[in-house]
Amino acid sequence: MLPWLGCANPSSLHALGRAAREAVEEARSSIASCLGARPEEVIFTSGGTEANVLALTGLASRVVTSVVEHPSVLESVPGTWACDEYGRVSPGSFEGGLVSLQAANNEVGTLQPIVPVAREVRARGGLFHTDAVQAVGKIPLPWREFDAMSLSGHKFGGPQGVGALLVREGLEVRPLLPGGGQEDGRRSGTLNVAGIVGMAAALRAYQAPDPSLGLLLRSRLEGLGELTGHPTERLPGIVSFTFEGIGGESLVMLLEARGVCASTGAACASEKSRPSHVLRAMGRVARGSLRLSLGPATTREEVERAVDLVVECVGELRRRSGCTVSA
Amino acid sequence: MYSERVMDHFEHPRNLGDVPEGVRARCVNPACGDEAELSVLVRDGVVEDIRFRAVGCVAALAACSILTEMVRSQPVERAREITVETVIEELGGLPRNKRHGAALAVETLKKVLDGTPA
């Protein structure tokens, strides 16, 4: 990335601009190749949020989506397709237009049935978009089955602030950002060359986390709390539990003090005070929930240590609540 | 996000537990599921012993802890005067969206003092 920070504008005609343009097109071909798409099908964006909003507003006037999508989807289109207790979506009513269904849920890791749903939607003359931000590099994504797909660089080890929307060749997309006409008029704005180059390199190099570590984490915590998300149809690197007798972000804060960074879907998570819409849709109380994400560099020792700390912190918080569930 | 005082009370809660011969009261914040329970022993109009248990966010746990310190050995009338603002001030401040933790602690205090014999 470094040589491309502050480089010339890839839209310029001079030699430096052409060099930047070449780097962008090389990155575009690389990303397309990794995903089984054609380079012309890749539109660079500022990240997954912009890719999702571009798809939802630019491909069709009628859009249907599920209740467990990322906020970048749900803020544009209210979700109507419901999910089961594992967060797995069942197709609801569809009367033409676009269906948007995530490939995998970011909070609980549940995989959605995107291929059968895409086939059904397209057989009925509709278009299918998937928010694959959590899934790229981790599960197979047969691009030919879809009409549009969102991805985000930082989710597979690339830089933040860059992503892409793949759009099937020949499909028109109304731009979100009109302006100088970059990306064939589909997304104006000077390209983030360094980010794009970084994203392509990250995707080429990305190796999914070792699935046996996720299984280890699960098996060690299963007696202490309840796993959320589908037991088998799930991303290997996301493990999410609820623990009786504790709540809020207290577990996350206690773990952070001991060197483990985790997240929660609880009401008091981050700076919002709203409970997780995903856990609520699954019929789960969001209190006492913990999500641990494994990366490609996570070691077995780190997992073992994290387990010991989770057990210790859950026990401590249960002591404070007077909860008699045994650790 | 949290002051040093809040984190101290969260990581090292004071007066955790139960007063076996005390009066008990429990409150819940339905919005986020925070729960607080106080048990109090009052003798001759003075809070002789007070302990707490709580489930929920850092603010709720810390507020309960500091509240028990503020109230212990105080006359009941003085304890009744404690407000959400005084608890937040004692804690060195709370983020806007975490003030409900202090509110839960004070609500539980009022409830348990109302239940103690005069």
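Residues numbered from 1 in each chain as written. Chains lettered and ligands numbered in written order. Predicted model: local features only at pLDDT ≥ 70, side-chain atom pairs only at ≥ 80, totals over all residues. Heavy atoms only, no water.

*Asks:* Is there a simple way to think about the overall build of chain A in this case?
*Replies:* The helix and strand inventory of chain A stands at 9 helices and 9 strands. Against the 2.2 N^0.38 benchmark of 20 Å for 327 residues, chain A shows a C-alpha radius of gyration of 21 Å, consistent with a compact globule. Buried residues in chain A amount to 55% of all 327 residues. Intrachain contacts of chain A at a sequence separation of at least 6 include 64% that bridge at least 24 residues. Within the structure as shown, chain A displays about 13900 Å² of accessible surface, and the carbon and sulfur contribution to it stands at 51%. (Helix = DSSP H or I, 4+ residues; strand = E, 2+ residues; numbered from the N terminus. Rg over C-alpha atoms; globule rule 2.2 N^0.38 Å. Buried < 20%, exposed > 50% of the residue type's maximum accessible area, 1.4 Å probe, protein only. Contact = heavy atoms within 4.5 Å. Areas by Shrake-Rupley, 256 points an atom, 1.4 Å probe, with all protein chains shown as cover.)

*Asks:* Where do I start with the overall build of chain B in this structure?
*Replies:* Within chain B one finds 5 helices and 3 strands. For chain B, the sequential pattern of α-helices and β-strands runs α-β-β-β-α-α-α-α. Over its C-alpha atoms chain B spans a radius of gyration of 13 Å, differing by no more than 12% from the 13 Å that the globule rule assigns to 118 residues. Oriented by its inertia axes, the alpha-carbon framework of chain B measures out at about 40 × 25 × 25 Å. When the 118 residues of chain B are sorted by exposure, 54% land in the buried category. If you take every contact in chain B between residues at least 6 apart in sequence, the share linking residues at least 24 apart comes to 60%. By element, 48% of the accessible surface of chain B is carried by carbon and sulfur atoms, the whole surface being about 5300 Å². With 15 positive and 19 negative side-chain charges, chain B shows a spacing of 2 Å between the two charge centroids. (Lys, Arg positive; Asp, Glu negative; His and termini not counted. Charge placed at Lys NZ, Arg CZ, Asp CG, Glu CD.)

*Asks:* What am I meant to see in the confidence of the model for chain B here?
*Replies:* Predicted coordinates in areas of low pLDDT are best not read in detail. All names here are of chain B. Mean pLDDT over chain B: 92, with 98% of residues reaching 70 or higher. Per-element confidence in chain B is highest for helix H4 (residues 84-90), whose mean pLDDT is 96, and lowest for strand S1 (residues 23-29), whose mean pLDDT is 92. Scored as a whole, the predicted complex attains pTM 0.84, and scored at its interfaces, ipTM 0.81. (pLDDT = per-residue confidence, 0-100.)

*Asks:* Is there a simple way to explain the pairing of strand S2 (residues 34-43) of chain B in this structure?
*Replies:* Looking down a regular strand, the side chains alternate between one sheet face and the other. All names here are of chain B. Counting buried residues in S2 gives 7 out of 10 residues, a clear majority hidden from the surface. For S2 and strand S3 (residues 46-55), the ladder comprises 9 bridges, and the chain directions are antiparallel. When the sheet's bridge partners are listed, Glu-35 is paired in S3 with Val-55. (Pairing = 2+ DSSP bridges.)

*Asks:* Looking at this structure, I do not really get the packing of aromatic side chains. What am I missing?
*Replies:* Two aromatic rings are characterised by how far apart their centres lie and by the angle between their planes. Going through the model one piece at a time under the given rule, you end up with 2 aromatic pairs over all chains. Arranged with centres 5.9 Å apart and planes meeting at 15°, the rings of Phe-241 of chain A and Phe-243 of chain A form a pair that is stacked. Phe-243 of chain A matches Phe-241 of chain A in its accessibility class, with the two residues each being buried. Sitting above the plane of the Phe-10 of chain B ring, Arg-320 of chain A keeps its charged end 5.3 Å from the centroid. (Phe/Tyr/Trp six-rings, centres within 6.5 Å; stacked < 30°, edge-to-face > 60°. Lys NZ or Arg CZ within 6 Å of the ring centre and 35° of its normal.)

*Asks:* Looking at this structure, how should I read the nonpolar core?
*Replies:* As a rule of thumb, nonpolar side chains are buried together in soluble globular proteins. The biggest cluster of nonpolar side chains holds 67 residues, and the ones touching the most others in it are Phe-243, Leu-251, Leu-290 and Val-310 of chain A together with Val-87 and Leu-109 of chain B. At 11 residues, the largest contribution of residues to this core is made by helix H2 (residues 58-71) of chain B. Contact partners of Leu-290 of chain A, with chain neighbours within four places excluded, come to Val-239, Ser-240, Phe-241, Phe-243, Leu-251, Val-252, Leu-255, Ala-262, Ser-263 and Val-310 of chain A. Core analysis: the next-biggest nonpolar cluster, separate from the first, contains 54 residues, Ala-32, Phe-44, Ile-139 and Leu-141 of chain A among them. (Core = buried A, V, L, I, M, F, W, Y, C linked by side-chain atoms within 4.5 Å.)

*Asks:* Mind showing me how you'd approach the interface of chain A and chain B here?
*Replies:* Where the parts come together, the accessible area they lose is often given as the size of the interface. At the interface, 22 residues of chain A touch 21 residues of chain B. For the pair chain A and chain B, the two sides together bury roughly 1700 Å², of which 58% comes from carbon and sulfur. Our count for the contact surface shared by chain A and chain B stands at 1 salt bridge. In this structure, Lys-98 of chain B and Glu-249 of chain A form a salt bridge, with 3.2 Å as the shortest nitrogen-oxygen distance. (Buried area = accessible area lost by both parts, 1.4 Å probe. Salt bridge = Lys/Arg side-chain N within 4 Å of Asp/Glu carboxyl O.)

*Asks:* How do you make sense of the side chain of Glu-41 of chain A when you look at a structure like this?
*Replies:* Residues and elements named next belong to chain A. In this fold, Glu-41 is placed in the loop between helix H1 (15-35) and strand S1 (42-45). One polar contact links the side chain of Glu-41 to the main-chain amide nitrogen of Arg-38, over a distance of 2.8 Å. At 3.1 Å, the side chain of Glu-41 forms a polar contact with the side chain of Arg-144. Residues within four places of Glu-41 in sequence aside, it is in contact with Trp-143, Arg-144, Leu-165, Leu-166, Val-167, Arg-168 and Glu-169. (Polar contact = N/O pair within 3.5 Å; in protein donor to acceptor, adjacent residues only side chain to side chain.)

*Asks:* I tried to follow the sheet that holds strand S6 (residues 163-167) of chain A on my own but got confused; where do I start?
*Replies:* Paired through backbone hydrogen bonds, the strands of a sheet run either parallel or antiparallel to each other. Residue and element names in this part refer to chain A. With respect to topology, 6 strands assemble into an open sheet ordered S1-S6-S5-S4-S3-S2, the strand pairing being mixed. Only two strands of the sheet have a single partner each, and these edge strands are S1 and strand S2 (63-65). Within the sheet, the average angular offset between the axes of one strand and its neighbour, ignoring direction, is 20°. In this sheet, strand S4 (residues 127-131) lies alongside strand S3 (residues 98-100) in parallel orientation, the contact comprising 3 bridges. Residue Ser-100 lies in a different strand from S4, and its bridge partner there is His-129. Of the strands in this sheet, S1, strand S5 (148-152) and S6 are in contact with H1, which crosses S1 at around 115°. (Axes fitted to C-alpha atoms, helices over the stretch in contact; angles between N-to-C directions.)

*Asks:* Looking at this model, I keep getting lost on a nonpolar patch on the surface. Mind explaining?
*Replies:* All names here are of chain A. Together, Met-1, Leu-2 and Leu-5 line one region of the surface with nonpolar side chains, adding up to about 340 Å² of accessible area. Within the secondary structure layout, Leu-5 lies in the segment before H1. With relative accessibility at 53%, the residue Leu-5 sits in the exposed group. (Patch = residues over 30% accessible without salt bridge, like charges linked within 9 Å, V, L, I, M, F, W, Y side chains within 5 Å.)

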